[in-house]
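# Structure assessment
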Amino acid sequence: MGAGKSTIGRLLAKELRLLFKDSDKEIELRTGANIPWIFDKEGEPGFRDREEAMIAELCELDGVVVATGGGAVMREANRQALHAGGRVIYLHASVEQQVGRTARDRNRPLLRTANPEATLRALLESRDPLYREIADVVVETDERPPRMVVLDILERLEKLPPR
Ligand SMILES: Nc1ncnc2c1ncn2[C@@H]1O[C@H](COP(=O)(O)OP(=O)(O)OP(=O)(O)O)[C@@H](O)[C@H]1O
Ligand SMILES: O=C(O)C1=C[C@@H](O)[C@@H](O)[C@H](O)C1
Ligand SMILES: [Mg+2]
């Protein structure tokens, strides 16, 4: 959360002249409900089922940059769909930066805890190895504006061997 998937995904798609799809946003459009509401009504498992179905659908598209939600990597089906469907970019951010970037946003139900920093730290610990497992490129986002992160991604993508 707050690593910049939605922000950087959109900029990257523009640079590559590709379509951009954000799985969180697509779920909201499809259901007509926002993510906190879905968490309230269906619990996290309900949201995760919707997310898995959405990611499978988005990974079928050609010529698209997909931004996932931060927890998508926890499901094996999502890891497989993302890895098989295209290049995977892991945007890394330190917990300190994540705290700053998510502080003013009320749209992340998992951060409605007494100590969001501890929550982010625990989530990063469990997710980081999984992100690294499927990533073709790992990009640092700390202390770098989104445009610089995008340039880095473009350079790194060019250097990857063809699939
Ligand atoms: N490299 C960056 N430097 C500074 N601020 C950034 C950077 N990337 C994103 N931000 C800011 O951090 C906030 C969170 O970014 P964003 O919503 O893109 O994260 P996300 O990874 O999509 O989060 P989530 O997992 O919750 O969907 C936004 O206000 C965005 O403008
Ligand atoms: O990190 C997470 O688990 C989440 C991140 C957001 O993108 C949303 O998908 C939702 O708030 C859950
Ligand atoms: Mg996002």
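If you're wondering where the values come from, they're calculated on a predicted model, not measured in any experiment.

Right, let's talk about the pattern of salt bridges for a bit. In total, this model carries 18 salt bridges according to the counting rule given. The shortest N-O distance in the salt bridge between R50 and E42 comes to 2.7 Å. Residue R50 is classed as partly exposed on the basis of its relative accessible area, which comes to 35%. For E52, the salt bridge is made with R75, and the minimal N-O distance between the two is 2.7 Å. Placement of the pair is E52 in helix α3 (residues 35-59) and R75 in the loop between β2 (64-67) and α4 (76-85), with a sequence separation of 23 residues.

Another point: the site of ligand 2. In the neighbourhood of ligand 2, the contacting residues comprise M1, D24, I35, F47, R48, G69, G70, G71, P109, L110 and R127. The side chain of R48 places a nitrogen or oxygen atom 2.7 Å from an oxygen atom of ligand 2. Note that an oxygen atom of ligand 2 is positioned 3.4 Å from one of the backbone N or O atoms of G71. If ligand 2 stood free it would expose 310 Å²; the protein chains cover 95% of that surface. Of the pockets mapped on this structure, ligand 2 occupies the second largest pocket. Looking at the shell around ligand 2 element by element, the count peaks at three residues for α3. When its residues are assigned to classes, the shell around ligand 2 shows five nonpolar, three polar and three charged.

Basis of the calculations
Residues numbered from 1 in each chain as written. Chains lettered and ligands numbered in written order. Predicted model: local features only at pLDDT ≥ 70, side-chain atom pairs only at ≥ 80, totals over all residues. Heavy atoms only, no water. Salt bridge = Lys/Arg side-chain N within 4 Å of Asp/Glu carboxyl O. Buried < 20%, exposed > 50% of the residue type's maximum accessible area, 1.4 Å probe, protein only. Helix = DSSP H or I, 4+ residues; strand = E, 2+ residues; numbered from the N terminus. Near = heavy atom within 4 Å. Polar contact = N/O pair within 3.5 Å; in protein donor to acceptor, adjacent residues only side chain to side chain. Areas by Shrake-Rupley, 256 points an atom, 1.4 Å probe, with all protein chains shown as cover. 1 Å grid on protein atoms, 1.4 Å probe; cavity = no way out; pocket = protein on both sides within 12 Å on 5 of 7 lines; lining within 4 Å. Sits in = over half its atoms within 2 Å of the grid points. Nonpolar A, V, L, I, M, F, W, Y, C, P; charged D, E, K, R; others polar.

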